[in-house]
Amino acid sequence: MGEEHDDALLTSRAAEGDEEAFETLVRRHGPAMLRLATQFLGNRSEAEDAVQDAFVNAWRKLPEFRGDAGFGTWMHRIVTNRCLNTLRARRPITDIDAVPEQAAPEHQSSPERAAESQAAVHALGKAMTLLSPEQRACWILREIETMPYETIAETVGISQEAVRARVFRARRCLTEAMDAWR
């Protein structure tokens, strides 16, 4: 039985009030949703709140879930919308510590490289604040979550062309902002 089929069965059972089925879905999808929210919000505590709110919202709306998309895709949409609302409310404050930093191999580690990496992460975090919440959402879903444009469009609730345009503008903005690091 594939995970998607298993999710459909669990979702159906949870919609009928089966709390254990819903707990299984939360355990299965919670870590990915928390990663997504942390990438959006840049603050672990705020991300945890957003994910918790999203799962509470999902639990309440499960009876309305039509199953047009998988449970994971549906949760991506709920978490993305929750994060977008949070970003719009607090913009332009961002915690740059949320930008994932690639660890340098030990043989390349040095105080100079560590300082340079930290400065680059800081610059990227600052550059991310230049993006609109909508551009940031599309860029994160495409570049970090590696979602196809079609799935992003479904998740964000816009056309594929609009997704492509937002990703293009976000890339251009980030490229210009990070030009000194090339």
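First things first, this report covers the structure right here in the doc. (Residues numbered from 1 in each chain as written. Predicted model: local features only at pLDDT ≥ 70, side-chain atom pairs only at ≥ 80, totals over all residues. Heavy atoms only, no water.)

1. Thoughts on the layout of surface pockets
And step 1. In this structure, the second largest pocket occupies an estimated 270 Å³ of space.
And step 2. Forming the boundary of the second largest pocket are Lys-61, Glu-64, Phe-65, Arg-66, Gly-67, Asp-68, Ala-69, Thr-73, Trp-74, Arg-77, Glu-154 and Thr-155.
And step 3. Those elements that place two or more of their residues in the lining of the second largest pocket are helix 4 (71–90) and helix 7 (149–156).
And step 4. For the lining of the second largest pocket, the element with the highest residue contribution is helix 4, accounting for 3 residues.
And step 5. Grouping the amino acids of the lining of the second largest pocket by side-chain chemistry returns 3 nonpolar, 3 polar and 6 charged. (1 Å grid on protein atoms, 1.4 Å probe; cavity = no way out; pocket = protein on both sides within 12 Å on 5 of 7 lines; lining within 4 Å. Points joined across faces, edges and corners; volume = space filled by probe spheres on them. Helix = DSSP H or I, 4+ residues; strand = E, 2+ residues; numbered from the N terminus. Nonpolar A, V, L, I, M, F, W, Y, C, P; charged D, E, K, R; others polar.)

2. A look at the environment of Ala-177
And step 1. Position of Ala-177 relative to the elements: it lies in helix 8 (residues 160–177).
And step 2. Judged by relative accessible area, Ala-177 falls into the partly exposed class, the value being 34%.
And step 3. Along the backbone, Ala-177 and Leu-124 are 53 residues apart, and their C-alpha atoms lie at a distance of 8.0 Å.
And step 4. In this structure, Ala-177 is in contact with Ala-127 and Leu-130, ignoring residues within four places of it in sequence. (Buried < 20%, exposed > 50% of the residue type's maximum accessible area, 1.4 Å probe, protein only. Contact = heavy atoms within 4.5 Å.)

3. Structural notes on helix 6 (residues 133–144)
Structurally, the α-helix is built with 3.6 residues per turn, so residues lying three or four positions apart point the same way.
And step 1. For helix 6, with 12 residues, the first-to-last C-alpha span of 15 Å sits near the 16 Å given by 1.5 Å per residue.
And step 2. Restricting attention to buried positions, one finds in helix 6 the residues Pro-133, Gln-135, Arg-136, Ala-137, Cys-138, Trp-139, Ile-140 and Leu-141.
And step 3. Immediately downstream of helix 6, the backbone of Thr-146 shows phi near 50°, a positive value. (Expected span 1.5 Å × (residues − 1).)

4. So, unusual backbone geometry
And step 1. Here Thr-146, not a glycine, exhibits a phi torsion of approximately 50°, which is positive.
And step 2. Its place among the elements puts Thr-146 in the loop between helix 6 and helix 7.
And step 3. Take Thr-146: its relative accessible area is 59%, and that puts it in the exposed class.

5. So, the packing of aromatic side chains
Working definition: an aromatic ring pair is given by the centre-to-centre distance plus the angle between the planes.
And step 1. This model, assessed by the stated rule, comprises 4 aromatic pairs.
And step 2. Among the aromatic side chains, those forming a connected cluster through ring pairs are Phe-22, Phe-55 and Trp-59.
And step 3. For the cation-ring pair, Arg-142 lies above Tyr-149, with the distance from its terminal atom to the ring centre recorded as 4.2 Å. (Phe/Tyr/Trp six-rings, centres within 6.5 Å; stacked < 30°, edge-to-face > 60°. Lys NZ or Arg CZ within 6 Å of the ring centre and 35° of its normal.)

6. Section: the nonpolar core
And step 1. Judged by nonpolar contacts, the single largest core of 46 residues is most densely connected at Phe-22, Phe-40, Phe-71, Met-75 and Val-79.
And step 2. Not counting chain neighbours up to four residues away, the residues in contact with Met-75 comprise Met-33, Ala-54, Phe-55 and Ala-58. (Core = buried A, V, L, I, M, F, W, Y, C linked by side-chain atoms within 4.5 Å.)

7. Let's talk about the side chain of Thr-155
And step 1. Turning to its location among the elements, Thr-155 is positioned in helix 7.
And step 2. Polar side-chain contacts of Thr-155 include one of 2.8 Å to the backbone oxygen of Thr-151.
And step 3. Beyond its immediate sequence surroundings of up to four residues, Thr-155 is in contact with Thr-73, His-76, Arg-77, Thr-80, Leu-141 and Met-147. (Polar contact = N/O pair within 3.5 Å; in protein donor to acceptor, adjacent residues only side chain to side chain.)

8. A few points about the packing of helix 6 against helix 8
And step 1. Interhelical geometry of helix 6 versus helix 8 gives an angle of 95° and a closest axis separation of 8 Å. When the axis of helix 6 is compared with that of helix 8, the two are roughly perpendicular. Here helix 6 contributes Glu-134, Gln-135, Cys-138, Trp-139, Arg-142 and Glu-143 to the contact with helix 8, which in turn contributes Val-163, Arg-166, Val-167, Arg-169, Ala-170, Arg-171 and Leu-174.
And step 2. Here the residues of the contact of helix 6 with helix 8 sort into 6 nonpolar, 1 polar and 6 charged. (Axes fitted to C-alpha atoms, helices over the stretch in contact; angles between N-to-C directions. Parallel < 35°, antiparallel > 145°, perpendicular 65-115°, else oblique.)

Bear in mind that shape data such as this cannot, by itself, settle questions of function.
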